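So you can see what is in the structure, the chains are spelled out below.
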Amino acid sequence: MESLLQSLLGDNLLTVVLYCALPLVFILLYALLAILGEVKISAWMQDRLGPMRTGPWGIIQPIADVFKLLQKEDITPAKADKVLFNLAPFLSFMSAYAAFAVIPFSSQYVGADLNLGLFYLLAISSLNVAAIIMAGWASHNKYSLYGSMRAVAQIVSYEVPAAMVLVIIVMFVGSLNLQDIITAQSGPIWNWMVFGGPKQDVVLASGEVLSASWANLIFLPFFMASFVMYYIAGLAETNRTPFDIPEAESELVSGYHTEYSGMKFAMFFMSEYANMFLVSAVVAVLFFGGWNSPFGVYLGDAFGAPWLVAVEQFGWLAIKGLFFVFVMIWVRWTLPRLRVDQLMYMSWKVLIPFSFGIALVVGFLVVIL
Amino acid sequence: MSGYFKDIYAGISTALVGMRITWNHLFVKNVTIQYPDEKHDIPERVRNRLYVNMDDCIGCDQCAKACPVNCITIETAKALPEEELGETSTGNRKRLWVTQFDIDIAKCCFCGLCVPPCPTECIFMTPVFEFSEYNREDLIYRFSTLTPEEAAEKTENAERAKAEAEAKKAAAAEAKKKAAAEKAAAEKAAPSEQAGGAPAADAPAAAAKDTAPKQDDAPKQDDAPKQDDAPKQDDAPKQDDAPKQDDAPAADAASTTDNNG
């Protein structure tokens with residue numbers, strides 16, 4: 001992909017910039033879709049129509065929303081810490097965007113094919129916590145501060161089970177590289193991690209052979225549970241309902257971004273939606289075969305067009321990611337918000353013991369098999 | 001320990017129950033009515049914006065009297081004898097110029113009490129409910145068909161006629177008095193001369209007789225049979241008639257509003 005761009009553009013710097021900007025383009029387009037999806041799906045679940053006046057069936061509504069936000073006055077509260085206040089939204093979006101660097105959109109496109117991909121993902125997505133507490137503290141507003149405190153407590157708590165689940169997958173595949181994890185799940189749908197991982201030997205990019213057999217079916221219940229736990233932890237990390245305690249609008253106005261308006265608010269918004277897709281994409285990569293086709297074959301192979309294979313792979317990842325974004329929206333408009341103590345109970349007393357237990361069992365099984 | 005697992009099970013299963021409900025609702029037909037484009041069916045006989053069909057109004061002021069919030073203001077001027085105002089569709093002769101017929105719909109409480117007393121069924125409530133205005137003054141509906149100049153002219157005419165009639169009456173009274181005095185004087189002077197004094201006394205009396213019917217309010221005479229209907233509501237034994245009166249204007253309203261838009 002990079003070489004393709006370079007041959008097209010002929011300019012090294014331009015190539016790098018464009019290469020890095022591709023996920024941004026994707027995030028922007030996806031955010032428009034997700035905003036529309038959020039309002040429309042919530043409306044349909046409540047037997048309403050949702051926005052109908054902007055364009056046919058209101059499909060231009062998100063664009064209208066963006067223009068509205070662009071026109072809004074950019075207010076910085078008088079008592080706010082100006083530097084931190086102005087920096088926080090960009091740091092928040094940056095952390096979400098930087099995490100996209102290691103998401104493999106197809107076998108041909110991944111921003112940075114790091115061997116420590118998963119580790120980088122964990123590290124960089126934790127930056128969001130810093131952005132949130134910056135925003136909450138710099139706003140000089142009690143609701144913002146409460147919101148950011150809750151957000152930090154929540155994200156720090158839920159990172160533990162999320163990391164443990166990643167460890168389970170890493171133990172199984174033997175690599176932190178996301179492309180390797182996807183390659184390990186190549187082939188038809190039953191090779192996906194959520195169905196117990198590969199059923200025949202897989203050669204990883206590094207040349208290592210991941211030996212596997214149908215005995216891997218024994219992992220199915222553990223990986224299934226891991227998937228559910230990671231998804232729950234991901235929901236909590238993105239501050240989505242039912243874990244939206246940091247933004248609890250009925251208690252805290254809007255949490256840490258109460259004082260933000262205009263474009264800076266839009267940045268937080270974008271970062272939330274980008275994080276939603278990030279979590280969904282990671283779920284797809286870890287448990288649902290990433291860009292692998294569920295049928296194990298590609299149309300591009302049949303036509304002898306390698307570029308079509310890459311496009312198809314991107315399509316499969318996007319479909320899987322968007323499906324999990326849809327589930328997030330579905331959950332949001334179904335479940336009520338948890339109490340703070342329930343939230344902590346869920347993380348420390350349910351998810352963490354279970355993830356440790358599963359890690360232990362999977363570790364043993366990996367050694368034995 | 002079993003409580004712990006029970007809690008987890010309950011947490012997952014109840015969440016799934018809720019998820020199933022919202023999923024099913026994704027495919028339930030929406031209940032939204034996109035208001036300005038589509039509207040609710042309004043029940044028949046609704047009471048909304050008032051309308052007055054001025055062709056039928058005889059200016060009897062019954063509706064204004066019935067109004068509990070005094071939102072109807074009616075001014076009338078008696079038509080001159082040579083002016084012909086025509087008849088209402090119910091066959092009543094119109095004898096008054098309605099120089100002012102204002103309904104302050106902002107004050108209106110939509111009780112509909114003005115509708116039944118109307119002898120010609122010309123005031124009624126329409127199903128039109130969208131009449132917001134930016135200016136409160138615009139909510140005063142002026143139904144009078146006369147221009148302000150015409151209204152002023154008619155009022156002036158009526159006043160002049162009244163003044164003339166009063167002057168005539170006064171003159172007649174004066175003449176009568178004079179005649180009586182003359183008669184008394186004549187009687188006193190010579191009772192045999194009575195035949196000569198009588199015609200002089202009769203003439204003014206006849207003149208007074210001519211003006212008498214005009215001094216009465218025109219509609220009262222004309223509407224005598226109809227006006228009886230209105231008090232019927234108050235009369236206990238005849239109360240079964242009242243609902244019938246209610247029905248007529250409402251049904252009328254439903255049919256006429258189509259024309260009024």
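Residues numbered from 1 in each chain as written. Chains lettered and ligands numbered in written order. Predicted model: local features only at pLDDT ≥ 70, side-chain atom pairs only at ≥ 80, totals over all residues. Heavy atoms only, no water.

*Asks:* Just to check I follow, could you spell out the overall build of chain B for this structure?
*Replies:* Broken down by element type, chain B carries seven helices and five strands. Listed N to C, the secondary structure of chain B is α-β-α-β-β-β-β-α-α-α-α-α in terms of helices and strands. Burial status across chain B gives 30% buried among its 261 residues. Summed over all atoms, the accessible surface of chain B reaches about 17,100 Å², with 53% contributed by carbon and sulfur. (Helix = DSSP H or I, 4+ residues; strand = E, 2+ residues; numbered from the N terminus. Buried < 20%, exposed > 50% of the residue type's maximum accessible area, 1.4 Å probe, protein only. Areas by Shrake-Rupley, 256 points an atom, 1.4 Å probe, with all protein chains shown as cover.)

*Asks:* Would you mind showing me how to read the interface of chain B and chain A here?
*Replies:* The extent of an interface is frequently quoted as the accessible surface area lost upon association of the parts. Counting residues at the interface gives 18 residues for chain B and 19 residues for chain A. Both faces considered, chain B and chain A share a buried interface measuring about 1,600 Å² in area, 65% of it formed by carbon and sulfur atoms. Counting the surface chain B buries against chain A, the share from its top three residues, Tyr4, Met19 and Leu26 of chain B, is 33%. Linking chain B with chain A are one salt bridge. Between chain B and chain A we count eight residue pairs in polar contact (both at pLDDT 80 or more) in total. Of the residues belonging to the side of chain B that touches chain A, the class tally is nine nonpolar, six polar and three charged. (Contact = heavy atoms within 4.5 Å. Buried area = accessible area lost by both parts, 1.4 Å probe. Salt bridge = Lys/Arg side-chain N within 4 Å of Asp/Glu carboxyl O. Polar contact = N/O pair within 3.5 Å; in protein donor to acceptor, adjacent residues only side chain to side chain. Nonpolar A, V, L, I, M, F, W, Y, C, P; charged D, E, K, R; others polar.)

*Asks:* Honestly, a nonpolar patch on the surface in this entry has me stumped. Any pointers?
*Replies:* Residues and elements named next belong to chain A. Side chains of Trp57, Ile59, Ile60, Ile63, Val66, Phe67, Leu70 and Met263 sit close together on the surface and give an oily, nonpolar patch of about 770 Å² of accessible area. Note on placement: Phe67 falls in helix H3 (residues 61-71). A residue is classified by how much of its surface remains accessible, and Phe67, at 48% relative accessible area, is partly exposed. (Patch = residues over 30% accessible without salt bridge, like charges linked within 9 Å, V, L, I, M, F, W, Y side chains within 5 Å.)

*Asks:* Could you clarify how one ought to interpret the pattern of salt bridges in this entry?
*Replies:* Any two side chains of opposite charge can pair, so long as their charged atoms come close to each other. Applying the stated criterion across every chain yields a total of eleven salt bridges over all chains. The residue Asp37 of chain B makes a salt bridge to Arg53 of chain A at a minimum N-O spacing of 2.9 Å. Placement of Asp37 of chain B in the loop between helix H1 (2-26) and strand S1 (50-52) and of Arg53 of chain A in the loop between helix H2 (12-45) and H3 is noted, with the two residues assigned to different chains. Taking the relative accessible area as the measure of exposure, Asp37 of chain B reaches 56% and is therefore exposed. For Arg53 of chain A, a relative accessible area of 58% puts it in the exposed group. Note that Glu156 of chain B and Arg160 of chain B form a salt bridge whose closest N and O atoms lie 3.7 Å from each other. Highlighted residues: Glu156 of chain B and Arg160 of chain B, both in helix H3 (residues 148-189), separated by four residues, approximately one helical turn. Taking relative accessible area as the criterion, Glu156 of chain B reaches 49% and is therefore assigned partly exposed.

*Asks:* What's the story with the sheet that holds strand S5 (residues 140-142) of chain B in this structure? I'm lost.
*Replies:* Strand pairs in the sheet, formed through backbone hydrogen bonds, run parallel or antiparallel to each other. Residues and elements named next belong to chain B. Here we have three strands laid out as an open sheet, ordered S2-S3-S5, and antiparallel in their pairing. The strands lining the two open edges of the sheet, one partner per strand, are strand S2 (72-78) and S5. Direction aside, neighbouring strands of the sheet carry axes that sit 15 degrees apart on average. (Pairing = 2+ DSSP bridges. Axes fitted to C-alpha atoms, helices over the stretch in contact; angles between N-to-C directions.)

*Asks:* Would you mind showing me how to read the packing of aromatic side chains here?
*Replies:* All names here are of chain A. All told, the structure shown has 40 aromatic pairs over all chains when counted by the stated rule. With centroids separated by 4.9 Å and ring planes inclined at 80 degrees, the aromatic side chains of Phe172 and Phe219 adopt a geometry described as edge-to-face. With Phe172 in helix H7 (residues 142-173) and Phe219 in the loop between strand S2 (209-210) and helix H9 (220-237), this residue pair connects regions lying 47 residues apart in the sequence. Across the pair, Phe219 and Phe172 agree in class, each one buried. Across the ring face of Tyr143, the terminal group of Lys142 is positioned such that the distance to the ring centre comes to 5.3 Å. (Phe/Tyr/Trp six-rings, centres within 6.5 Å; stacked < 30°, edge-to-face > 60°. Lys NZ or Arg CZ within 6 Å of the ring centre and 35° of its normal.)

*Asks:* Help me understand the pairing of strand S3 (residues 96-104) of chain B in this model?
*Replies:* Taken residue by residue, a regular strand's side chains alternate between the two faces of the sheet. Residues and elements named next belong to chain B. Across the nine residues that make up S3, a large majority, eight, are buried. Here S2 pairs with S3 via seven bridges, running antiparallel. Pairing of Lys78 across the sheet is with Leu96, part of S3. Here three bridges tie S3 to S5, and the two strands are oriented antiparallel to one another. Residue pairing across strands places Asp104 opposite Ile140, the latter belonging to S5.

*Asks:* What should I look at first to understand the nonpolar core in this one?
*Replies:* Taken as a class, soluble globular proteins show a tendency for nonpolar side chains to be buried jointly. Formed by 91 residues in total, the largest nonpolar core has its most connected members in Tyr230 and Phe287 of chain A. If one sorts the elements of this core by residue count, helix H11 (residues 262-287) of chain A sits on top with 15 residues. If we skip the residues at most four places from it in the chain, Tyr230 of chain A touches Ala162, Val165, Leu166, Val279, Val282, Val283 and Phe287 of chain A. The next biggest cluster of nonpolar side chains, apart from the first, holds 25 residues, and it includes Val52, Cys57, Ile74 and Ile103 of chain B. (Core = buried A, V, L, I, M, F, W, Y, C linked by side-chain atoms within 4.5 Å.)

*Asks:* For this particular structure, what's the right way to read the environment of Ala225 of chain A?
*Replies:* Residue and element names in this part refer to chain A. Positionally, Ala225 belongs in helix H9. According to the relative accessible area criterion, Ala225 is partly exposed, its value standing at 29%. Expressed as a C-alpha distance, the spacing of Ala225 and Val194, which sit 31 residues apart in the sequence, is 8.7 Å.

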